[in-house]
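Understanding the architecture of this molecule
So you can see what is in the structure, the chains are spelled out below.
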Amino acid sequence: MMLNNSESPDKFYANFNLFHELMSVKVRDILLVSSPYDAFIIEEDESLTSKIINEYRGLNLSLPPRVTRTSSAHEALALLKKMSFDMVITMPHLDEMDAFSLGTKIKEIHPNLPVILLAHSVRGIYPIPGNEKHEAIDDIFIWSGNSDLLLALVKNAEDRLNAERDTQKAMVRVLILAEDSPVYRSFFLPLIYKEIVRQTQKILGEGINEEHRLLKMRARPKILVAETYDEAVRLCRKFRPFLLGVISDTRLPKSGKLQADAGTTLLSQIRNDITDLPLLLMSSESENREKACQIPAVFFDKNSPNFLADVRNFFLTHLGFGDFVFRMPDGEEVDRADTLRALEEKVAHIPDECLYYHAERNHFSRWIMARSEILLASEFREVRASEFSNADDMRQYIISNIRKLRKWRQKGVVVQFSRDNFDAEVKDFVKIGQGSLGGKARGLAFMSAMLREYLELHEKYSDVNIEIPKTLVISTDGFESFVTLNKLSYLAGDEFSDEEVTEKFLKSVMPEWLLRDLEFFLSRVKNPLSVRSSSLLEDAQFQPYAGLYETYMIPNNHSDFSVRLRHLIQAIKLVYASTYYEGPKAFSKNTSNKPQEEAMAVIIQQVAGKECKDWFYPAISGVTQSHNFYPVSHMKAEEGIAHIAMGMGKTVVEGEKTLRFSPRHPNIMPQFSTVDDILKNAQRYFYALRIRNYPEDLNFRQYSNLERREVDEAEDELPVKTLSSTYIPEEHRIRDSGHLPGPKILTFAPVLKYHTFPLPELLCDLLELGRKGMGCPVEIEFSVNLSSDGGKYKGDFFFLQMRPMAADQERFEVEIRQKEIENAFCYSTQALGNGKNEVIADIVYVKLEDFKAESTVQIASEIDQINAELLKENRPYLLIGPGRWGSSDRWLGIPVQWRNISGVRAIIELRNEKLKADPSQGSHFFQNITSLGIHYITLTEDSQDYFNWKWVCSLPAVRETTFLRHVRLDNAMTLKIDGRKSECVMIRN
């Protein structure tokens, strides 16, 4: 049956976890039983153990087995009773008993333990009448000094033990060798193994990291040996669906008698059953070549001087390990492909006759099978060329499924960047350099792996494309190389301003190796790019540096490549420079980290969004968190919270106007309770990246190249049409449609109310997935593109970032008694944190009678001055003021930055009619406050909350400015927060 092209890749392609389960039975301990003389002959100048280890290393195989040697058969049996071994190798000449008798006694102790007889020659190895193989010996090999044989006998034993399970588990292929001669077996089997391993390693290099290369080696074909015709038939029947090929000698024992044509009969029967299976007939009699042609099968003369080259050619040409050679029906070569990517590209251009020639003979399936892409190869094998109405349909089927495979196998994999095989369309997560990814990139890589592992998520949301934007990470050694080359490490000191640091970094030069890679990358990528920080400490568990460093957007579409490269390099330098800015330095002091120890990786990521005329932006950006610090109605704190906005995510992370809802309760929106509330609280501005008519030097200092636009001016753009409702002034009503005449109001009703995109449900599942993965509450940044073409997908959901939430865990219980509430000078029912603080004796507060919303920038400057003095005196303090702290909108609160308040230990946010901003928990400022254990208390007028202003204002001032007053208590206050109830009291002592 033909595969449906719309089927999701998670159902179609093998997960890398599958390879962990293959080759579960390993030969790790070998018992060698031999006379001292035999041991001397076989070991000569190198021990058996060393030879095995060298073979494993030479082929990049892991965990070579250990060898225990004894010269006594009785001692060997004693060892087997008290120790565990995976294989016994015995030599024929033993003092106490012959090898066959020893084998019999071994099987009495361990019936399934492989016992291999290793002899110097054929003479004398069959003491049983009739030269029949004794059932106590699993296999016989002849030692001729070739150490490859040691690898072959170990691997062949493993293949016998794992073949049945691995074929059923992962459809691993089987190659059968029918050969009765121990001499030829001992010559031929090492040859096959070495070639299989070498060719498998050769074809696994395309875009897979080292871990997966080793894992996929486990999916190499199994080699099973049959010493008789009857055994070969049994194996072929048992493993028929998994056969890669059959190699047979012409003369084989059949029904207990040696028959000259048994091999010919065997291959003829297989050819009648499987018409396209590669078959090889071997013989030391050249006249058997004619019999091979009649089967038909490939023929090798065992006496040929080119035997080794012929074997290699069989693997390359007939088993699919070499290049895919496109041929016309008459044998004329048209083209070649050496990788899946090349195959995908060249199938698009080959003649129809060539396409049908290979498809009808299952050549595509066989070649892909050799690359351990078993599921795709199996699907291709099941589909007949006759099922397609024309060549173009078949061509598109092959191309689309190869591309789907190439994309899917990269998911969750961090691939080392290489100019030789970089493919921007397929590779999702690429790394330049050998250093660390940094915290933010680690979170992305982890989430990418999680998305690949939890396939049921893709099945549940099959109409949503869930992914990480295509990402390139410059690892931390890029930063270290840049700083070292330009001698910039001295800028980590406190005495340099942000402007001085920026100037020095922009004048510095990029390391040549990094510049070359970036040039090549940019030549293959034309999408708008974001250039983001990923420091070592950023988004670290319980200590996130959220939003401290810079992010820049570049349109990346200038007609002059040198201008595009200059934009990218400038953005990277500015991100590097932000490592030594004042904000991160101040934050580091509170976390016991030193700025000079910080190293910066850089994430270059394709911007999530779509083109709208001269602009580029996503329909929705947002932040969702596992814990809701401000639950209302019947919400629960553990059900989480989401903040969404139209356009770029700058609106959300800087605390501007957003829509707040619980993913579990998307219809409960307190700020949209009435029509007046909606008109007042709806988003009016959004950020977008200009991709046309932008200044050549870009606006790196203004919104990081983004531009702030009014929603009204974008009424005819798709996101506004899709996400808006319409206000009907004459009715004072809002109708849930953006296609009616009238002012457009961003309500997100089509998504939250009418489920045109399953955002709330998806956020619930992703929060749970993230919590399980990180073992703690998480915060996820995301973007959404909505579809407008009625295609398969309702839209795209992009993971932009995931980090642990810095909610203070309730490490111990805090009980606030009623008497403490009565005696407190401050009481709040909306407090964040948990614990008891008795070190604060200083209070800095905004004088409410002098406060003016237009003066919030000056207030921030005055706070900075007092903060610097208190830092010098090492005095932690309580900061009190109206509106949202850390807001980028000066009209919503006081726009302090980290360096302005780095000595604070508790903050009170006053909410009143003048400044009643929504809770700021979606912002980076809020994330870092809570990560440092700084208590954040909200006081709302006309509620249960209260503050004793009369007493505080009566205290003598230590310092006073235009808008601030600093007072000091005789004794440190007691601050208690019960994290379970979000209750806080402050009591004077």
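This report concerns the structure included in the present document. Since this is a predicted model, take the numbers as computed values, not measurements.

Moving on, we get to unusual backbone geometry. The phi angle of most residues is negative, glycine excepted, and most peptide bonds adopt the trans form. Backbone torsion omega between Ile295 and Pro296 reads -5°, so that peptide bond is classified as cis. By the secondary structure assignment, Pro296 is in the loop between α12 (289-294) and β12 (298-301). For Asn556, which is not glycine, the phi torsion reads 55° and is therefore positive. Given a relative accessible area of 3%, Asn556 falls into the buried group.

Reading across from one edge, β2-β1-β3-β4-β5 is the order of the 5 strands in this open sheet, with parallel pairing throughout. Every interior strand has two partners, whereas the edge strands, β2 (66-70) and β5 (139-142), have only one. Here the strands of the sheet are splayed against their neighbours by 25° on average, with no regard to which way each runs. The pairing of strand β3 (residues 87-90) with strand β4 (residues 115-119) spans 3 bridges and is parallel. Within β4, the position partnered with Val88 by the bridge is Val115. With respect to the sheet, helix α7 (residues 148-170) is in contact with β1 (29-33), β3, β4 and β5, its orientation differing from that of β5 by roughly 165°.

Within the largest apolar cluster, 60 residues are counted, with the highest numbers of intra-cluster contacts made by Ile620, Leu759 and Phe797. In this structure, Phe520, Ile572, Val575 and Ala599 belong to the second largest nonpolar core, which totals 44 residues.

Neither face of strand β16 (residues 429-432) is exposed, since Phe429 and Lys431 on one face and Val430 and Ile432 on the opposite face are all buried. As paired strands, strand β15 (residues 415-416) and β16 are joined by 2 bridges and run parallel to one another. Opposite Val415, over in β16, you have Val430 as the bridge partner. In terms of strand pairing, β16 meets strand β18 (residues 471-474) through 4 bridges, oriented parallel. Note that in β18 the partner of Phe429 across the bridge is Thr471.

Criteria and thresholds
- Residues numbered from 1 in each chain as written.
- Predicted model: local features only at pLDDT ≥ 70, side-chain atom pairs only at ≥ 80, totals over all residues.
- Heavy atoms only, no water.
- Helix = DSSP H or I, 4+ residues; strand = E, 2+ residues; numbered from the N terminus.
- Buried < 20%, exposed > 50% of the residue type's maximum accessible area, 1.4 Å probe, protein only.
- Pairing = 2+ DSSP bridges.
- Axes fitted to C-alpha atoms, helices over the stretch in contact; angles between N-to-C directions.
- Contact = heavy atoms within 4.5 Å.
- Core = buried A, V, L, I, M, F, W, Y, C linked by side-chain atoms within 4.5 Å.

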